[in-house]
Amino acid sequence: MKQSAAVPPDLDGAGLRFGLVAARFNASVTERLVDGARRALEIHGVANSDVTQLWVPGAFEVPVVLERLARSGRVDGLVAIACIVRGETPHFDIVAQACAAGCEAVARRHGVPVGLGVLTTDDWQQAEARAGGIHGNKGEDAALAALETALVLREL
């Protein structure tokens, strides 16, 4: 039976192991994203003991820790959490690009899905709206993307 792209499958993550790497920078937002990611995994059967959660200073440091987790062979999926708010200098663009490219490289190099819960917003209000506000919780969305992709890879 062909599955509709618009309707997500029933996600059962029992027995799957995840790494969750979060940036401490802008912690009032990233902590809410982490809570959403953990909640989403738990709701879909991933045991808390099967989630390795690690904190790093900022978004730039997220990919190197994802790399180590992926290389360990101890995870079926990864979730990257950070919040980068545009400032007055090009630093925003450099960090956002490096973080996203690093996350993508880890996924392709190791065949381990990386849910990208890295907010890149123009202002603080946009960040809060995506960390449990009117636009939902993007940490939750990232965890669900990693879980669904891990289940697809399991079937291949």
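Residues numbered from 1 in each chain as written. Predicted model: local features only at pLDDT ≥ 70, side-chain atom pairs only at ≥ 80, totals over all residues. Heavy atoms only, no water.

Participant: Even after reading the chapter, I still don't get the packing of helix α2 (residues 62-72) against helix α3 (residues 91-110), so can you show me in this structure?
Facilitator: Two elements in contact, α2 and α3, have axes whose closest approach is 8 Å; the angle formed by their N-to-C orientations is 10°. Relative to α3, the element α2 lies roughly parallel. The residues of α3 that touch α2, namely those facing V62, P63, L66, E67, A70 and R71, are A98, C99, G102, C103, V106, R109 and H110. Class assignment for the residues of the contact of α2 with α3 results in eight nonpolar, two polar and three charged. (Axes fitted to C-alpha atoms, helices over the stretch in contact; angles between N-to-C directions. Helix = DSSP H or I, 4+ residues; strand = E, 2+ residues; numbered from the N terminus. Parallel < 35°, antiparallel > 145°, perpendicular 65-115°, else oblique. Contact = heavy atoms within 4.5 Å. Nonpolar A, V, L, I, M, F, W, Y, C, P; charged D, E, K, R; others polar.)

Participant: Would you mind going over the sheet that holds strand β1 (residues 18-23) with me for this structure?
Facilitator: Neighbouring strands of a sheet are bound in pairs by backbone hydrogen bonds; such pairs are parallel or else antiparallel. With parallel pairing, the four strands of this open sheet are ordered in space as β2-β1-β3-β4. Each edge of the sheet is formed by a strand with only one pairing partner; in this case those strands are β2 (51-56) and β4 (114-121). Averaged over all pairs of adjacent strands, the angle between strand axes in this sheet comes to 10°, irrespective of strand direction. Its contacts with the sheet place α2 against β1, β2, β3 (77-85) and β4, and it is angled at close to 175° to β3. On the sheet, α3 packs against β3 and β4 and is oriented at approximately 170° with respect to β4. (Pairing = 2+ DSSP bridges.)

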